[in-house]
Amino acid sequence: ASTPAPAAEDSFQQELRKANAEIIRENYVQALRSFNTLIQHYADEPLAHLGHARLLERLAEKERSNQRLWQAIDAYKRYLAFGELVASDGEFLSAGERCIQHLRFMGYHQQSVNIHELLIERLPADPRLRNQLSFTHLTANNMRQVKLVAAETLKLWPDDPVAQLHFGLAIKQLHGDYEQALPYLQNAIESKAEGTQEGYFYLALGETLQRLYRQQEAVEVHRQGVARGLIPSVYQRSLYNEPQLRAQPFWQPSETGYASQLRKLQENWMSIREEALSLLSHRGYFADETENLRHKGIWQQFELFAKGQLHGKNCQRAPITCGLMKAFPESSGCRRGQVKFSVMQAETHVWPHCGPTNCRLRAHLTLVAPEPEQTSLRVAEREITWREGELIIFDDSFEHEVWHNGTRPRLVLIIDMWHPDLTATQRRTLTAI
Ligand code: LMR
Ligand code: MN
């Protein structure tokens, strides 16, 4: 206040205040005009671009417009490009974080990484910025990068719980090294630090313990996840859930409301089997399970529908089954499930696991099962086996585990269907999984 500001700055401040006042009065058309003028006349004033960015992101929300959101992102980038010329760390940081949030939302992973790096460069002593970067890599399932960034962070801050968590998740997923991952995951989650209390992290720790055969401790972790409202129950551990759906491990056809559709499929089980067997004789048609659920053995699938969409090429190769499934839209159109052939070779074990959502039920139409005594499907606390021509219906959001201790392959058609308690609106609007 003691030294008079130059006149140019004075009028800039004045015009900026006026433009911001238009935002507060929700005079968006006028505000936009004011900011356009401002950034023309004062292109080298960082605050002109910051105000512009904030206005544009508000408009993007109001108009639900991605084009506006891109304009906001660009304005934020122009502001951030001033770097050292921006006086306030706090404002620089929060602008960077908003920009990252928008880029993530638009799915622009690499661009958000660039902004993260800009923030880290400016504030190298803040581990949270590095954790935010590894989190961005985590959401893009870029586990090599997660490991790299988290390892760097741990070099400087070995006790940082979020970096420990990210590092543990990375080595679990990249190397399947559960021994090494465990202390990182355990430490992090027990710390209850911000950024460590997500359902997904509890599941990762529980799974790590299960794969080390420390079942009691796994149950305890899952119990804590339930107590903290992160997962539905110790046995039902899906993360994408709708409230108030009936939840039980096994279902009878009559309970599903789809009895007639299921009967129709069952009546055709031998022609479905013919088709599946001829597909199996082609090398390369079936693809390995890719979710790291196999402990040992061979387990492959041939997908007909996924996320409610038909797999064109595969359906051409399986016209009979696909035709039958098209007449069952509650299954083939289920955006939270799949329809697929699933073949399991002898000497296979699938680790205990849960599906991602409580919004579907899963049926197996058993096509080939020569050794029912040597195979087993456990869902929650009950074990059953496959019998040719028969249907098994279970809710795969409940923990399940599979053994094949026989000598010959087992083949089923997996048929996911919308949970019968979902309304028509939910079936129409739920996001695909
Ligand atoms: C599963 O859904 O995890 C398994 O039951 C699939 C299969 O082929 O047994
Ligand atoms: Mn499963």
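Residues numbered from 1 in each chain as written. Chains lettered and ligands numbered in written order. Predicted model: local features only at pLDDT ≥ 70, side-chain atom pairs only at ≥ 80, totals over all residues. Heavy atoms only, no water.

Below, the discussion takes up the site of ligand 1. Around ligand 1, the neighbouring residues are Trp299, Ser342, His353, Arg362, His364, Trp386, Phe394, His400, Val402, Arg410 and Ile414. In the model, an oxygen atom of ligand 1 is placed 3.2 Å from a nitrogen or oxygen of the Trp299 side chain. Side-chain polar atom of His400 to an oxygen atom of ligand 1: 3.1 Å apart, as the coordinates give it. Those elements giving two or more residues to the shell around ligand 1 turn out to be β7 (360-368), β11 (400-404) and β12 (410-418). Considered class by class, the residues forming the shell around ligand 1 number five nonpolar, four polar and two charged. (Near = heavy atom within 4 Å. Polar contact = N/O pair within 3.5 Å; in protein donor to acceptor, adjacent residues only side chain to side chain. Helix = DSSP H or I, 4+ residues; strand = E, 2+ residues; numbered from the N terminus. Nonpolar A, V, L, I, M, F, W, Y, C, P; charged D, E, K, R; others polar.)

With that settled, the discussion passes to the packing of aromatic side chains. Evaluated as defined, the whole model comprises 10 aromatic pairs. The interplanar angle of 65° and the centroid separation of 4.9 Å between the aromatic rings of Phe167 and Tyr184 together place this pair among those described as edge-to-face. Linking Phe167 in helix α9 (residues 161-175) with Tyr184 in helix α10 (residues 178-191), this pair joins segments that are 17 residues apart in sequence. A residue is classified by how much of its surface remains accessible, and Tyr184, at 26% relative accessible area, is partly exposed. (Phe/Tyr/Trp six-rings, centres within 6.5 Å; stacked < 30°, edge-to-face > 60°. Buried < 20%, exposed > 50% of the residue type's maximum accessible area, 1.4 Å probe, protein only.)

We now examine the domain arrangement of the protein. According to the domain assignment, the protein contains domain 1 (1-124), domain 2 (136-231) and domain 3 (253-429). Put simply, the middle of domain 2 and the middle of domain 3, counted by C-alpha atoms, are 31 Å apart. Taken together, the four residues of domain 2 in the interface contact six residues of domain 3. Interface area for domain 2 against domain 3, summed over the two sides, is near 540 Å², with a carbon-plus-sulfur share of 38%. At the surface where domain 2 touches domain 3, the tally comes to zero salt bridges. Our count for the domain 2 to domain 3 interface comes out at two residue pairs in polar contact (both at pLDDT 80 or more). Residue composition of the side of domain 2 that touches domain 3, by class: two nonpolar, one polar and one charged. (Domains from an automatic or database assignment. Contact = heavy atoms within 4.5 Å. Buried area = accessible area lost by both parts, 1.4 Å probe. Salt bridge = Lys/Arg side-chain N within 4 Å of Asp/Glu carboxyl O.)

Counting buried positions over the nine residues of β12 gives nine, a clear majority of the element. Judged from the six bridges that link them, strand β5 (residues 338-344) and β12 form a sheet pairing that is antiparallel. In the strand pairing of β12, Val339 is matched with Ile415. Relative to β12, β7 is paired through eight bridges, and the arrangement is antiparallel. From the neighbouring strand, Ala363 faces β12, where its bridge partner is Ile415. (Pairing = 2+ DSSP bridges.)

Turning our attention to the coordination of the manganese ion (ligand 2). Surrounding the manganese ion (ligand 2) are the protein donor atoms His353 (NE2) and His400 (NE2), at 2.2 Å. Placement of the pair is His353 in strand β6 (residues 348-353) and His400 in strand β11, with a sequence separation of 47 residues. Of the two residues, His353 and His400, neither departs from the other in class, the shared state being buried. (Donors = N, O, S within 2.8 Å, 3.2 Å for Na, K, Ca; no water.)

With that settled, consider the state of the cysteines. Per the counting criterion, the structure on display carries one disulfide. Residue Cys315 pairs covalently with Cys322 via a disulfide, S to S 2.0 Å. Across the S-S bond linking Cys315 and Cys322, the dihedral sits near -60°, which makes this disulfide left-handed. You'll find Cys315 and Cys322 in the same group, each marked buried. Left without a disulfide partner, Cys334 is nearest to the cysteine sulfur of Cys359, which lies 8.3 Å away. (Disulfide = S-S within 2.5 Å.)

What follows deals with helix α5 (residues 89-105). The first and last C-alpha atoms of α5 sit 24 Å apart over 17 residues, in line with the 24 Å expected at 1.5 Å per residue. If you check which residues of α5 are buried, you get Phe92, Leu93, Ala95, Gly96, Cys99, Ile100, His102 and Leu103. In this structure, the buried residues of α5 make contact with α3 (46-63), α4 (66-80), α6 (109-122) and α7 (127-139). The N-cap residue of α5 is Ser88: its side-chain oxygen and the backbone nitrogen of Gly90 are 3.3 Å apart. (Expected span 1.5 Å × (residues − 1).)

Attention now goes to the layout of surface pockets. In this structure, the second largest pocket occupies an estimated 540 Å³ of space. Forming the boundary of the second largest pocket are 19 residues, of which Arg128, Asn131, Gln132, Glu194 and Gly195 lie nearest the centre. Where the lining of the second largest pocket is concerned, the elements lending two or more residues are α5, α7 and α9. The greatest single-element share of the lining of the second largest pocket, amounting to five residues, is contributed by α5. Across the lining of the second largest pocket, the residue classes break down as seven nonpolar, six polar and six charged. Built from parts of two domains, the lining of the second largest pocket gets at least three residues from each of domain 1 (1-124) and domain 2 (136-231). (1 Å grid on protein atoms, 1.4 Å probe; cavity = no way out; pocket = protein on both sides within 12 Å on 5 of 7 lines; lining within 4 Å. Points joined across faces, edges and corners; volume = space filled by probe spheres on them.)

Under the 1.5 Å per step criterion, the end-to-end length of helix α8 (residues 143-156) is 20 Å for 14 residues, consistent within 8% with the ideal 20 Å. The complete set of buried residues in α8 reads Met143, Val146, Val149, Ala150, Thr153 and Leu154. For α8, the buried positions fall inside an angular range of 140° around the axis, keeping them on one side. Seen from the open side of α8, the exposed residues pointing more than 90 degrees away from its buried face are Arg144, Leu148, Lys155 and Leu156. In the core, the buried residues of α8 are packed alongside α7, α9 and α10. (Arc of directions from axis to C-beta.)

Looking now at the nonpolar core. The nonpolar side chains of a soluble globular protein tend to be buried with one another. Phe35, Leu38, Leu55, Leu80 and Cys99 are the most contacted members of the largest nonpolar core, which totals 42 residues. Those elements giving two or more residues to this core turn out to be α1 (7-24), α2 (28-41), α3, α4, α5, α6 and α7. Contact partners of Phe35, with chain neighbours within four places excluded, come to Leu16, Ala19, Asn20, Ile23, Ala48, Gly51, His52 and Leu55. The next biggest cluster of nonpolar side chains, apart from the first, holds 38 residues, and it includes Cys322, Met325, Leu365 and Leu430. (Core = buried A, V, L, I, M, F, W, Y, C linked by side-chain atoms within 4.5 Å.)

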